[in-house]
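Read off the chains here:
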Amino acid sequence: MNTVSKPIIPSPAPRSSRPEILAEEIIERLTYRIGKDAKVAKPHDWLTATILVVRDRIIDKWMASTREVYATGAKRVYYLSLEFLIGRLMRDAISNLGLMEEVRDALASLGVDVNVIAGLEPDAALGNGGLGRLAACFMESMATVEVPAYGYGIRYVHGLFRQQLADGWQVELPENWLAHGNPWEFERRESAYEIGFGGAVEFITTHDDQPRYVWKPAERVIAAAFDTPAVGWRGKRVNTLRLWSAQPIDPILLDAFNAGDHIGALRESNKAESLTRVLYPADATPAGQELRLRQEFFFSSASLQDILRRHLQQYDDFTSLPDKVAIQLNDTHPAVSVAELVRLLCDVHGMDFDQAWDITRRTFSYTNHTLLPEALESWAVPLFERLLPRHMQIIYAINAKILIDARKGKNFSDGEIRSISLIDESGDRRVRMGNLAFVGSHSINGVSALHTDLMKVTVFADLHKLYPDRINNKTNGITPRRWLQQCNPGLTGLIREAIGDEFLDDAEKLRALDVHSSDPAFQQKFAAIKRANKVALSNLVASRMGVKLDPSAMFDIQIKRIHEYKRQLLNIIEAVALYDQIRSHPELDWVPRVKLFAGKAAPSYYNAKLIIKLINDVSRTINNDPSVRGLLKIVFVPNYNVSLAEVMVPAADLSEQISTAGMEASGTGNMKFGLNGALTIGTLDGANVEMRDNVGEDNIVIFGLKADEVSKVRSDGHNPRAIIEGSRELAQALAAIGSGVFSPDDRNRYTSLIDGIYSHDWFMVAADFDAYAQAQREVDQIWTNQSAWYTKTINNTARMGWFSSDRTIRQYADEIWRAG
Ligand SMILES: *Cc1c(COP(=O)(O)O)cnc(C)c1O
């Protein structure tokens, strides 16, 4: 027995927030951590030094947050997501710690502009779009509303590709966000797990006569943890984003190397590391990439092993797991976790199957994000079985339980049985990840009221019949810290001046702005801020693209992934029709407009890439035509990401949310724009429906077919040709595009795109065109009365508080996780 008395470990002194101390520490980090003299330091060095100083101020709270959960035995929430579209972190962290002014002053005293170095921080794009951005907003809100939570995902070396335009075509370049290192993350060498693939399953009898299945994987890699702190508003809580990186078990095969096979000696290592090298592009069809399934299992297994280890550190066994742990599956990408938890409980921890299954279902919940059949994940049975043989067995065992219950207990028909089965037998047999996530969860939520209703009658109709109390709605939200306070400091300042600071802690308090919406003095200030934001965007467009914009024109913005259902095509066709109108009727008072687009297309999505090219072709023609007299300008801003959104959203007068009704699960871009005082033109789709309910129908411009009308048109047989022939505007615009007016170098470039509208018009572009064009003229009308315009847009800011992700997270915490 060691008799040395327990050492008294001193706590580090609390960090000061005085600018002079901050400045001293920045110099200290620059010198001793980065090894640079202040005289020769590059802007990047200042950025790193500043982040290190800010990070220290987070660490104390981080450790306190962790200690608290151990002390109180509070339930932990785990958010599993293959994507986290976090963007830059420094401003978020500084602002949430309440240190913005102090850091600015400290840097200024050193001759450094905080805005300049903040602009150098890489935009971490570990996600494709809305789903990944939601995960990032949730991380911030979970810390803000003080839910003890961990985000789990993958530390991709290359996030979403960087988009360039070459002659108007999208070109994809690798994104290298880790090029300058990542001062935010901590590698946790002690938190590493083995992840297996392939091999075989053996059946053994343990020493106490218990039957056991043992998976003997053929390949193994190590999952290593990298932690990034997630700071809540006012620094209340700091949670952890834990991203997994794949590493080889044997970094180098020394025998091979010494025998002269220098490349072969590193093969293992390269193979392991390639697992987490790139983010898989959304919408890439077919998604049947083995690497993708490997990524999904890799991060699911690592996360679950980590969760179980942490649970056992604090509690005796796993019977308490559902009371102490809630695991949220963000879409089906982590759905294999359901089988993995059963495997770990049974095969590794010796639990019997029925108990493991009961614990699993009470622990998991699942968020569905799409009703598009092509986006519902499934894996060919042979691939799944080869890569995850034990999980395949478990899935069959689960399936047997479910189907027997449905057949015997509930008298389900053959058709119903087929649709709830975890195995799709309709063609080549496939494992349905949506069904696996559904049956393995106690809660399945949609992300807007409309989407949740549709889920019950479409994809999950039969599963809903089997388990009628599981489907519920949690309408998405956005964090008002990033999407108002940080991206729009001008507007934030004005709101504080008008209604005080309460809205900073409770976004629904923005309602108090309502009474100012018709006040001319307030409108003028609001308009001045909008104009300043438009000037800032114009400067960005001028410097990046050499295009000059008039900030007094209406800025009409559509930024989001390029997809046929999001209908950038409808927008650009309407622009062509407007172009015709402006030239035919020069005597009318046209409202000057700048139509801005931005967004990436999945590399394999041909039509989406063609739509980008079309926007650029139309833009070149219109912008260079003197008969337009500057009344219409079209700009496609390349490389849409979170940082670009932060500049474009505050500068929008008009927000385009025009998806084919029934196809956008929620949208969150729509919310960002409304909060920043844009008028929305949109269909009754996704969260637009609830936006209309919140802002009032006078403060939003709604047009087009509704979701039930779209499905009726589709099932009754849609005749787009007749519609086009009945609409002169549309017919002329389509004829111009189709015949090569905008593509004189390749007259047939758009033939197939336009033929698609004539022949089936799946996305209802022709069906909605007239309504859309008319709605746009209604928008023009409102614009001509600037006072009416600002009443509506101020009302939008005032009434969008409900869409704060704090509200969404509170609902998850109360109704699904029962935590926090
Ligand atoms: C908000 C956001 C999205 C989601 O936009 P939607 O309009 O809802 O599709 C996608 N990408 C980025 C970078 C975002 O900030």
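Reference entry: report on the structure contained in this document. In this text, all values refer to a predicted model and were calculated from it rather than measured experimentally.

## Focus: empty space enclosed by the protein
Tallied over the full model, the rule gives seven cavities of 30 Å³ or more. As for the largest cavity, its lining consists of 17 residues, of which Leu89, Asp92, Pro229, Ala230 and Val231 are closest to the centre. Within the residue set of the lining of the largest cavity, elements represented by two or more residues are helix H3 (90-96), helix H6 (130-144) and strand E10 (219-231). Taken as a whole, the second largest cavity encloses approximately 210 Å³ of empty space.

## Section: the sheet that holds strand E24 (residues 701-702)
Pairing is parallel across the open sheet formed by six strands, whose spatial order is E21-E20-E19-E22-E23-E24. With one partner strand each, in any of the chains shown, strand E21 (632-636) and E24 form the two edges of the open sheet. The sheet contact formed by strand E22 (residues 654-657) and strand E23 (residues 679-682) spans four bridges and is parallel. From the neighbouring strand, Gln657 faces E23, where its bridge partner is Gly682. Its contacts with the sheet put helix H22 (residues 520-545) on strand E19 (554-559), strand E20 (593-598) and E21, and the angle it makes with E19 is roughly 65 degrees. Helix H32 (residues 765-784) contacts E19, E20, E22, E23 and E24 of the sheet and is inclined by roughly 125 degrees relative to E20.

## Some details on the environment of Leu47
You can see Leu47 is positioned in helix H2 (residues 43-72). According to the relative accessible area criterion, Leu47 is buried, its value standing at 4%. As a C-alpha pair, Leu47 and Val112 span 65 residues in sequence and 9.6 Å in three-dimensional space.

## Comments concerning the site of the ligand
Not every one of the 15 residues close to the ligand is listed here, only the nearest: Lys560, Lys566, Thr668, Gly669 and Lys672. Lys560 is positioned with one of its side-chain polar atoms (N or O) 2.7 Å from an oxygen atom of the ligand. Within the side chain of Lys566, an N or O atom sits 2.7 Å from an oxygen atom of the ligand. Computed on the free molecule, the ligand has an accessible area of 380 Å², of which 95% lies beneath the protein chains in the complex. Looking at the shell around the ligand residue by residue, the class counts come to six nonpolar, six polar and three charged.

## Quick word on a nonpolar patch on the surface
On the surface, a nonpolar cluster with roughly 310 Å² of combined accessible area is contributed by Ile252, Leu254, Phe257 and Leu266. A relative accessible area of 35% means that Ile252 is categorised as partly exposed.

## Digging into the pairing of strand E1 (residues 76-80)
Burial runs high along E1: five of the five residues are buried. Judged by which residues are buried, E1 turns out to be covered on both faces: Arg76, Tyr78 and Leu80 on one side and Val77 and Tyr79 on the other are all buried. Summarising the sheet, E1 and strand E12 (residues 325-330) pair through five bridges and their orientation is parallel. Opposite Val77, over in E12, you have Ala326 as the bridge partner. Pairing analysis gives four bridges linking E1 to strand E4 (residues 149-154), with the strands arranged parallel. The residue bridging Leu80 from the neighbouring strand is Tyr152, located in E4.

The rules we used
- Residues numbered from 1 in each chain as written.
- Predicted model: local features only at pLDDT ≥ 70, side-chain atom pairs only at ≥ 80, totals over all residues.
- Heavy atoms only, no water.
- 1 Å grid on protein atoms, 1.4 Å probe; cavity = no way out; pocket = protein on both sides within 12 Å on 5 of 7 lines; lining within 4 Å.
- Points joined across faces, edges and corners; volume = space filled by probe spheres on them.
- Helix = DSSP H or I, 4+ residues; strand = E, 2+ residues; numbered from the N terminus.
- Pairing = 2+ DSSP bridges.
- Contact = heavy atoms within 4.5 Å.
- Axes fitted to C-alpha atoms, helices over the stretch in contact; angles between N-to-C directions.
- Buried < 20%, exposed > 50% of the residue type's maximum accessible area, 1.4 Å probe, protein only.
- Near = heavy atom within 4 Å.
- Polar contact = N/O pair within 3.5 Å; in protein donor to acceptor, adjacent residues only side chain to side chain.
- Areas by Shrake-Rupley, 256 points an atom, 1.4 Å probe, with all protein chains shown as cover.
- Nonpolar A, V, L, I, M, F, W, Y, C, P; charged D, E, K, R; others polar.
- Patch = residues over 30% accessible without salt bridge, like charges linked within 9 Å, V, L, I, M, F, W, Y side chains within 5 Å.
- Salt bridge = Lys/Arg side-chain N within 4 Å of Asp/Glu carboxyl O.

Nothing here speaks to function; it is geometry throughout.
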